[in-house]
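# Inside the fold
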Protein chains: 2
Amino acid sequence: MSQQKLSIQLNCPLPKLDFDVITLGHGSGGVLTHRLLDTGVFNILKNDLLNEQHDGAILNFNGPVAFTTDSYVVTPIFFPGGNIGELAVNGSINDLAMCGAVPEYLSLSFILEEGLRMDEFWEVLVGIKKASDASGVPIVTGDTKVVERGKGDKVFINTTGLGRIHPKANIHANRVKPGDKILVSGPVAQHGVAILSVRQGLEFETTITSDTQPLHTQVIRLLDELGEDVRFLRDPTRGGVATVLNELATQSGHGVEIIQKDIPVSEQVEGACELLGLDPLYVANEGIFIAVVAEHKANDALSILKSFDASSSIIGNVTQEHPRQVIQHSRIGGRRIVSMLPGEQLPRIC
Amino acid sequence: MSQQKLSIQLNCPLPKLDFDVITLGHGSGGVLTHRLLDTGVFNILKNDLLNEQHDGAILNFNGPVAFTTDSYVVTPIFFPGGNIGELAVNGSINDLAMCGAVPEYLSLSFILEEGLRMDEFWEVLVGIKKASDASGVPIVTGDTKVVERGKGDKVFINTTGLGRIHPKANIHANRVKPGDKILVSGPVAQHGVAILSVRQGLEFETTITSDTQPLHTQVIRLLDELGEDVRFLRDPTRGGVATVLNELATQSGHGVEIIQKDIPVSEQVEGACELLGLDPLYVANEGIFIAVVAEHKANDALSILKSFDASSSIIGNVTQEHPRQVIQHSRIGGRRIVSMLPGEQLPRIC
């Protein structure tokens, strides 16, 4: 993206620096690190807590707090619908939401490869800034390391998140009961297909874009209105919906039943999956979640989810039958066991 | 290290797995990831919070909390006196301590390179377990990613820490006043020299070992006894003592004066630095800290520090003279400006 476009996104000019690429010196902790951080990172991400520039941020909490960490190694770092920076912010926000927490603070840690172009670094940083602003969750502390050329891959990012547990939340696999309904908040397999299509240089009629987005607003609405009737939440990233459903079955000790025709997949993604030989159930997502809700509140939950994404759907239910197994009823009337992802489908998807 | 030695350190046999190296599948989020985590990581690091295996850990706090993050990319991953795992645990514990916090919880995120040998992974994990047990700070949530061969370097680790602010702590560069004394808690430059000597295959009479260790016990004692008279704390890692003193001068707006002969450097490290052409003031440390203490309490602070390490010392003071500059009085009576580390001295030291 051009400097001009990035400046427009930032509403201010990009910092002017007298270097075009990241060097090992930027990881030294000395003058170059300070120059990169003061002029670049702190300047773009600025907020009262980060501005302290201490070894850590001081926050205030009263009560239960969710704490989650994720490192992001997606390749390529720029893809249709986002970049690694946005993914890193949204991803950890979503992990907090899945704990039933209201996301409040993020840490940000870079591992940069020597030789990374500064324009690429700015674009990632602007992605972080945009995602952080959009969700209202500030970056309050961070770290930057640099590794030699060939010992990293442009940018790896760790974000670690903190959030207050929603007062009505009680999310736990052991609260899941037979009869509970399983919902998905949007169409599946967008992110994985977007990444794979750019890696393989595939062109479709319209570009398939990643679904990366923060999910906390939807989750907070669900918890506000349904409280403890929301029993389990998880975002199907690596390993896809199939893996989350298997975790649900294993951790709850119950069976899981899903109806293939009720699982929302966009026509385009379905076509791409067929072309690529992928089962959408195993493809990574970055902007949807699976919710298990008490049977009598399932329709209320669906209405809430539909107000955010019309394609959200009840895709199945928890059952006493076949404990710890996930069974899919196919479009043509068959039944099959949906196992956890056995090997590696798409490396470095997030 | 042999399986047997590791088992002895663990007080239990190492997990038996049917693979010898890390593959991309271990980062898939599917079966292989689960096998590595369930049999390996969770098994070794087990505690009630981690055992939940949710997307994040749920903690309880009432009051101010310090939040700090660091990624560790040290090379080699094994060095005299420790490994990257111990460094990652101790390093984030120390960053919390430097905020005036009592360290309580850590997150742990791995970026593994495809092909990493499992015996190396176990050794790092045992280092993490030992350091976590020794300091009483549990790992409560985590993440594991795998990148292709040649896109990482064996193991990168992010740890992010949380701790309650000590009730008597009020650590801030803007509380530093002219007349305050500057203390160092132990001999300088151990870590950097240990890493460099193993990188360059240097042999000394005795092996110079890294000083990696947790510092929170010493800091808590200082805060218990001296409270707000402890004004500034920082551990001189990357960039060394010189960089921390420059940060102190810049952030406080005052001058900093240090006496070369009072700075503890072991004879061996001093010799090695001469041989390697390094100034010990710029060499990284992982087990000492700089404290700025009110003048009238400096001797009390020194007694406390000496009860942990006899070589700790008052190395200088804050002054109204030469604001924002660090001046060293040399052994032979000269004065020189100590600037911040200008370039890169030792890449990937932590």
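Residues numbered from 1 in each chain as written. Chains lettered and ligands numbered in written order. Predicted model: local features only at pLDDT ≥ 70, side-chain atom pairs only at ≥ 80, totals over all residues. Heavy atoms only, no water.

Turning our eyes to something else, we now look at the relation of the copies chain A and chain B. Its rotation angle being 180°, the transformation that places chain A on chain B also includes 0.0 Å of axial translation and leaves an RMSD of 0.0 Å. Here the two chains are linked by the operation of a two-fold rotation axis. Mapped onto chain B, 100% of the interface residues of chain A again fall at the interface, so both copies present the same surface. (Least-squares fit on C-alpha atoms with pLDDT ≥ 70 in both. Contact = heavy atoms within 4.5 Å.)

Turning to the sheet that holds strand β4 (residues 101-113) of chain B, a few remarks are in order. For sheets, the rule is that strands pair by backbone hydrogen bonds, running either parallel or antiparallel. Read from one edge of the open sheet, eight strands run β5(A)-β4(A)-β6(A)-β1(A)-β1(B)-β6(B)-β4(B)-β5(B), paired in mixed fashion. The open sheet is flanked by β5 (139-147) of chain A together with β5 (139-147) of chain B, the only strands paired with a single partner. Going from strand to strand, the sheet's axes swing by 25° on average, the running direction of each strand aside. By the bridge criterion, eleven bridges tie strand β1 (residues 57-72) of chain A to strand β1 (residues 57-72) of chain B in an arrangement that is antiparallel. Within β1(B), the position partnered with A:Ala57 by the bridge is B:Phe67. (Pairing = 2+ DSSP bridges. Helix = DSSP H or I, 4+ residues; strand = E, 2+ residues; numbered from the N terminus. Axes fitted to C-alpha atoms, helices over the stretch in contact; angles between N-to-C directions.)

Here the focus is the pairing of strand β12 (residues 326-329) of chain B. Residues and elements named next belong to chain B. One ladder, built from four bridges, connects strand β9 (residues 255-259) with β12; its direction is parallel. Across the sheet, Val256 pairs through a bridge with Val326, a residue of β12. Taken together, the three bridges between β12 and strand β13 (residues 335-337) define a ladder with antiparallel strand orientation. The residue of β13 that forms the bridge with Gln328 is Arg336. Taking the residues that link successive antiparallel strands as the turn, the β12-β13 hairpin has five residues, and the phi of Gly333 there is positive, at about 95°.

Overall, the coordinates contain seven aromatic pairs over all chains when judged by the stated rule. Both rings, one in A:Phe61 and one in A:Tyr105, keep their centres 5.9 Å apart while their planes meet at 90°; by these two values the pair is edge-to-face. Residue A:Phe61 is found in strand β1, and its partner A:Tyr105 is found in strand β4 (residues 101-113); the two are separated by 44 residues along the sequence. Classification of A:Phe61 as buried rests on a relative accessible area of 1%. Positioned over the ring face of B:Tyr72 is A:Lys145, at 5.6 Å from the centre of the ring. (Phe/Tyr/Trp six-rings, centres within 6.5 Å; stacked < 30°, edge-to-face > 60°. Buried < 20%, exposed > 50% of the residue type's maximum accessible area, 1.4 Å probe, protein only. Lys NZ or Arg CZ within 6 Å of the ring centre and 35° of its normal.)

Taken together, the contacts link 75 residues of chain A with 75 residues of chain B. For the chain A face of the interface with chain B, the top three residues by lost area are A:Asp55, A:Phe67 and A:Arg238, together amounting to 14%. At the junction of chain A with chain B, the criterion picks out seven salt bridges. B:Arg348 serves as the salt-bridge partner of A:Glu148, at 2.6 Å between the closest nitrogen and oxygen. In this assembly, chain A and chain B are joined by 31 residue pairs in polar contact (both at pLDDT 80 or more). Elements with a minimum of two residues in the side of chain A that touches chain B: α2 (31-45), β1, α4 (84-98), β4, β5, β6 (155-165), β8 (230-234) and α8 (240-252) of chain A. Within the side of chain A that touches chain B, the residues separate by chemical class into 31 nonpolar, 29 polar and 15 charged. (Buried area = accessible area lost by both parts, 1.4 Å probe. Salt bridge = Lys/Arg side-chain N within 4 Å of Asp/Glu carboxyl O. Polar contact = N/O pair within 3.5 Å; in protein donor to acceptor, adjacent residues only side chain to side chain. Nonpolar A, V, L, I, M, F, W, Y, C, P; charged D, E, K, R; others polar.)

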